[in-house]
2 protein chains.
Amino acid sequence: MQTLSVKLPERHYPIHIGPGLLARSDLLTPHIAGRQVMIVTNEAVAPHYLERLKAGLTDYTVAEVILPDGEATKTLASVERIWDALLAHGFNRRCTLIALGGGVIGDMTGFAAACYQRGVAFIQVPTTLLSQVDSSVGGKTGVNHPRGKNMIGAFWQPKVVINDTSVLATLPDRELSAGLAEVIKYGLIRDEAFLGWLESNMAGLRALDDEALTYAIRRSCEIKAEVVVLDETEQGIRAHLNLGHTFGHAIEAAMGYGNWLHGEAVGAGMVMAATLSHHFGDLDEQALHRVRDVIGQAGLPLHAPREMNSARFLELMRLDKKMLDERLRLVLLSALGQACINDDVDPATVIELIDNFPRA
Amino acid sequence: MQTLSVKLPERHYPIHIGPGLLARSDLLTPHIAGRQVMIVTNEAVAPHYLERLKAGLTDYTVAEVILPDGEATKTLASVERIWDALLAHGFNRRCTLIALGGGVIGDMTGFAAACYQRGVAFIQVPTTLLSQVDSSVGGKTGVNHPRGKNMIGAFWQPKVVINDTSVLATLPDRELSAGLAEVIKYGLIRDEAFLGWLESNMAGLRALDDEALTYAIRRSCEIKAEVVVLDETEQGIRAHLNLGHTFGHAIEAAMGYGNWLHGEAVGAGMVMAATLSHHFGDLDEQALHRVRDVIGQAGLPLHAPREMNSARFLELMRLDKKMLDERLRLVLLSALGQACINDDVDPATVIELIDNFPRA
């Protein structure tokens, strides 16, 4: 097991990473306020891991909410189900909520905790690679609104994060690859040595080698924590975390959320960003080849959807809230392991890139 | 006009108090982030004051949500109407919400601001005496749930509070008196000199003398700010702000919210708490008489509802979340201008008090 401490202005919290941690209630109980615990999970995760988690909590009053799986569940109505259950069980302001699931469960449970009796304790037990590397740090919680993703939410920090690499055994391969897209992103934006390590260890990661997973998750969380601390107000380098995401969001929006997984769209989006960086002379041919290669090795797409022409891409990219009006604002690479922001990209250049980009 | 600065850990915000401030857009605009302003108000307040407020905001994109009046409106569904309107108008994370109304509007608007795109700017323009002295300080926002009041919410601080004494001209007399209950409370718990000032100036306050109102609101906000700063975690003396409230909440719950106004129930509750303090030997006969007299002068009830016997009181007081299990925990007075907490009150003593307390 490895432990990383995330430093907040007022306190620190630990992220524990390693195999078999779900059974380690000694990691959990020091962070449980009061005697009342509400576990929030979903129908895909509960059959595998709910009882294992509950087994360590026999000293507490434990209740649970089991929601449907999927992004369509990430609504205010689901969070109301959590609040209803908390009140039906008479849970007070010293209760603790545990999120057992992927990013959707983590985001909703964190938001429910942030607003129940004006804020109660919250613990993350992420069960997908994506949520282990992405939701462990940053404190973003919330739900979608029919008019936009993540429009309603709060910043709310967990007391502890338990990243059990063993639970990834039940994760579908496609979702493992999608999580690897974000892992690769951390190497690309900030750590060329980590990118090199990923190139050497991709097979082990995809074979669920615990040691490799533990290191990859730890380094990803470390890099995210560095970036978030450097830029708490989200004005500057935190934007680097969006490498590939403006292209990726366009793909997700065009294809329908869930048809292309978030990580798959980001994977293709990072290849597009790297290609543009090559066009601007910041990445040489060999570096671009390394980006394509590591993303391909992770099992991610190196093409854009056949259905999307450059006009459709541009239209959806302009809707992205991170973009300015006339020129395009994109996160690119100034080198491998070093992201930069170009807020003056000529749309014609992007159109040319997309027109020449491979299709499935 | 008087201005009070409320000191938060990370920043200060001003409370402006005086007549005619609604027309003073120069007090408002320095605190408006961005160019998009959403005014949230209700059907009772809008006809009187909405246009006056909007007249000073011609340089901004202004939208409005007008909700029904009353505590029954204080639901998550109402807050969703605010979020829907914000998104329908394309408001971004640099928008500003203005609450124009009483405590219900302030609590809901603050909560809507706390959670819209994970937090946007918020300005309080309270239009009742109660909300001017109570909601200006403390940052509590939220809504009711069918199973309990204020169960869903957040701490979210305003950028500025505009307490215009002129708007109290359209406030019904009963609501003015209800607001005075909280003003008297601040004298009773922390400032005997202010209590004496209230005894001398009650007629002027009820006649809406602007100078008297400005001073009373200012001193109330000051005292609340002192108490909140001394006890940010709500473990100790912040409980003093609940003088009369445990009895009062029982009256409100038994009689149906709105039949007894909150301030009316708190007024009677403070007389009960003072009577108990007299029983324990902390207030002499003359001091108890002064408490009864000033509350009566404010136009507040000095009796309990005929319908409530001591058993009903005790049953409802035990439900109050601020109480411990066996013995009763009550805020009492150790002297005029000095509150104390007694967490070992014998229920038999309370029963005797209630049995002998005057009924309407």
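For clarity, every value in this text was computed on a predicted model and none was experimentally measured.

Quick notes on the rules
- Residues numbered from 1 in each chain as written.
- Chains lettered and ligands numbered in written order.
- Predicted model: local features only at pLDDT ≥ 70, side-chain atom pairs only at ≥ 80, totals over all residues.
- Heavy atoms only, no water.
- Helix = DSSP H or I, 4+ residues; strand = E, 2+ residues; numbered from the N terminus.
- Buried < 20%, exposed > 50% of the residue type's maximum accessible area, 1.4 Å probe, protein only.
- Contact = heavy atoms within 4.5 Å.
- Areas by Shrake-Rupley, 256 points an atom, 1.4 Å probe, with all protein chains shown as cover.
- Lys, Arg positive; Asp, Glu negative; His and termini not counted.
- Charge placed at Lys NZ, Arg CZ, Asp CG, Glu CD.
- Buried area = accessible area lost by both parts, 1.4 Å probe.
- Polar contact = N/O pair within 3.5 Å; in protein donor to acceptor, adjacent residues only side chain to side chain.
- Nonpolar A, V, L, I, M, F, W, Y, C, P; charged D, E, K, R; others polar.
- Domains from an automatic or database assignment.
- Least-squares fit on C-alpha atoms with pLDDT ≥ 70 in both.
- Expected span 1.5 Å × (residues − 1).
- Disulfide = S-S within 2.5 Å.
- Salt bridge = Lys/Arg side-chain N within 4 Å of Asp/Glu carboxyl O.
- Axes fitted to C-alpha atoms, helices over the stretch in contact; angles between N-to-C directions.
- Parallel < 35°, antiparallel > 145°, perpendicular 65-115°, else oblique.
- Left-handed = near helix turned anticlockwise from the far one by under 90°.
- Pairing = 2+ DSSP bridges.

Undergrad: Go over the overall build of chain A, please, and point to the residues and values.
TA: Within chain A, the regular secondary structure consists of 13 helices and 11 strands. Along the first, second and third principal axes, the C-alpha atoms of chain A reach 60 × 40 × 35 Å. The 360 residues of chain A split such that 57% are buried. Long-range pairs, those at least 24 residues apart, make up 73% of the contacts in chain A with a sequence separation of at least 6. Working note: accessible area of chain A is about 14,000 Å², and carbon and sulfur atoms make up 48% of it. Where the 33 positive side-chain charges of chain A centre and where its 43 negative ones centre are 6 Å apart.

Undergrad: Report on the interface of chain B and chain A, specifying residues and quantitative values.
TA: Chain B puts 25 residues into the contact, and the matching count from chain A is 25 residues. Taken over both partners, the interface formed by chain B and chain A buries close to 2,400 Å², and the fraction arising from carbon and sulfur atoms is 60%. Together, Leu87(B), Arg118(B) and Met151(B) form the three largest contributors to the area buried by chain B at its contact with chain A, with a combined 30%. Connecting chain B to chain A are 8 residue pairs in polar contact (both at pLDDT 80 or more). Of all elements in the fold, only helix H3 (76-88), helix H4 (103-115), strand E7 (140-145) and strand E8 (148-155) of chain B reach the threshold of two or more residues within the side of chain B that touches chain A. Considered class by class, the residues forming the side of chain B that touches chain A number 12 nonpolar, 5 polar and 8 charged.

Undergrad: A description of the domain arrangement of chain A should follow, citing residues and the corresponding values.
TA: Residue and element names in this part refer to chain A. Under the domain assignment used here, chain A contains domain 1 (2-170) and domain 2 (177-356). Here the C-alpha centre of domain 2 lies 27 Å away from the C-alpha centre of domain 1. At the interface, 26 residues of domain 1 touch 25 residues of domain 2. Linking domain 1 with domain 2 are 5 residue pairs in polar contact (both at pLDDT 80 or more), by the criterion used here. No other element matches the 5 residues that helix H5 (residues 129-134) contributes to the side of domain 1 that touches domain 2. Of the residues in the side of domain 1 that touches domain 2, the class split is 13 nonpolar, 9 polar and 4 charged.

Undergrad: Can you tell me about the relation of the copies chain B and chain A, naming the residues and giving the values?
TA: The operation relating chain B to chain A is a screw motion whose rotation component is 180 degrees, with 0.0 Å of axial translation and a residual RMSD of 0.0 Å. Such a combination of turn and shift is consistent with a two-fold rotation axis. Both copies share a contact surface, since 100% of the interface residues of chain B are interface residues in chain A too.

Undergrad: Break down the side chain of Lys74(A) for me, citing the residues and quoting the values.
TA: Along the polypeptide, Lys74(A) turns up in the loop between strand E4 (61-67) and helix H3 (76-88). Those residues within four positions of Lys74(A) in sequence are excluded, and the remaining contacts are Val104(A), Asp107(A), Met108(A), Gly142(A), Val143(A), Asn144(A) and Asn150(A).

Undergrad: Tell me about helix H9 (residues 245-255) of chain A, and please be specific about residues and values.
TA: Residues and elements named next belong to chain A. Counting buried positions along H9 gives 8 out of 11 residues, so the element sits mostly inside the fold. Listed in full, the buried residues belonging to H9 are His245, Thr246, Phe247, Gly248, Ala250, Ile251, Glu252 and Met255. On its buried face, H9 is in contact with strand E8 (148-155), helix H6 (173-190), helix H10 (262-279), helix H12 (310-319), strand E10 (328-335) and helix H13 (347-356). Gly256 sits one or two residues past H9 and shows a positive phi near 90 degrees.

Undergrad: Describe H6(A), and please don't skip the residues or the numbers.
TA: Here H6(A) is 18 residues long and its end C-alpha atoms lie 26 Å apart, about the 26 Å a rise of 1.5 Å per residue gives. Most of H6(A) sits inside the fold, with 14 of its 18 residues counted as buried.

Undergrad: Got a sec to walk through the environment of Ala265(A)? Specific residues and values, please.
TA: Residues and elements named next belong to chain A. Assignment of secondary structure puts Ala265 in helix H10. C-alpha separation for the pair Ala265 and His249, spaced 16 residues apart in sequence, amounts to 7.1 Å. Leaving out residues up to four positions away in the same chain, Ala265 has contacts with Gly244, Gly248, Ile251, Glu252 and Trp260.

Undergrad: Could you give an account of the state of the cysteines, with specific residues and numbers?
TA: Per the stated rule, a full pass over the model turns up 0 disulfides over all chains. With no disulfide of its own, Cys95(A) lies 13 Å from the sulfur of Cys115(A), the closest cysteine sulfur.

Undergrad: Can you tell me about the side chain of Ser131(A), naming the residues and giving the values?
TA: Residues and elements named next belong to chain A. Along the chain, the position of Ser131 falls in helix H5. Overall, the relative accessible area of 2% leaves Ser131 in the buried class. A polar atom in the side chain of Ser131 sits 2.7 Å from the side chain of Thr128. Those residues within four positions of Ser131 in sequence are excluded, and the remaining contacts are Gly101, Gly102, Gly103, Pro126 and Ser136.

Undergrad: Quick one: what's the story with the pattern of salt bridges, residue by residue and with numbers?
TA: In a structure, side chains of opposite charge can pair up when their charged atoms sit close to one another. Inspection of the entire model under this criterion finds 30 salt bridges over all chains. A single salt-bridge network, built from bridges that share partners, covers Arg190(A), Asp191(A), Arg218(A), Arg219(A), Glu222(A) and Glu226(A).

Undergrad: Let's hear about the environment of Thr246(B): which residues, and what values?
TA: By the element assignment, Thr246(B) lies in helix H9 (residues 245-255). Taking the C-alpha atoms as reference points, Thr246(B) and Trp260(B), separated by 14 residues in sequence, lie 14 Å from one another.

Undergrad: Give me the lowdown on unusual backbone geometry, citing residues and values where you can.
TA: In this structure, Gln117(A) is a non-glycine residue whose phi angle is positive, near 50 degrees. Within the secondary structure, Gln117(A) is located in the loop between helix H4 (103-115) and strand E6 (121-126). Despite not being glycine, Asn150(B) has its phi angle at roughly 55 degrees, a positive value. Tracing the backbone through its elements, the reader meets Asn150(B) in strand E8.

Undergrad: Outline the packing of helix H6 (residues 173-190) of chain B against helix H10 (residues 262-279) of chain B, supporting the account with residue identities and numerical values.
TA: All names here are of chain B. For the pair H6 and H10, interaxial distance at closest approach is 7 Å and the crossing angle is 40 degrees. Classified by the angle their axes make, H6 and H10 are oblique. Note that H6 runs across H10; the crossing there is left-handed. Seen from H6, the contacting residues are Arg174, Ala178, Ala181, Glu182, Ile184, Lys185 and Leu188; seen from H10, they are His262, Gly263, Glu264, Val266, Gly267 and Met270. Within the contact of H6 with H10, the residues separate by chemical class into 6 nonpolar, 3 polar and 4 charged.

Undergrad: Report on the pairing of strand E1 (residues 2-7) of chain A, specifying residues and quantitative values.
TA: Residues and elements named next belong to chain A. Relative to strand E2 (residues 12-18), E1 runs antiparallel, the two sharing 6 bridges. By the bridge assignment for E2, Lys7 is matched with His12. Between the end of E1 and the start of E2, which pair antiparallel, lie 4 residues.

Undergrad: Lay out the environment of Ile351(B) in plain terms, naming residues and giving numbers.
TA: Residues and elements named next belong to chain B. By secondary structure assignment, the location of Ile351 is in helix H13 (residues 347-356). The exposure class assigned to Ile351 is partly exposed, which follows from its relative accessible area of 33%. Sequence separation between Ile351 and Gly196 is 155 residues, and the spatial gap between their C-alpha atoms is 31 Å. Contacts of Ile351, omitting those with residues within four sequence positions, involve Ser310 and Leu314.

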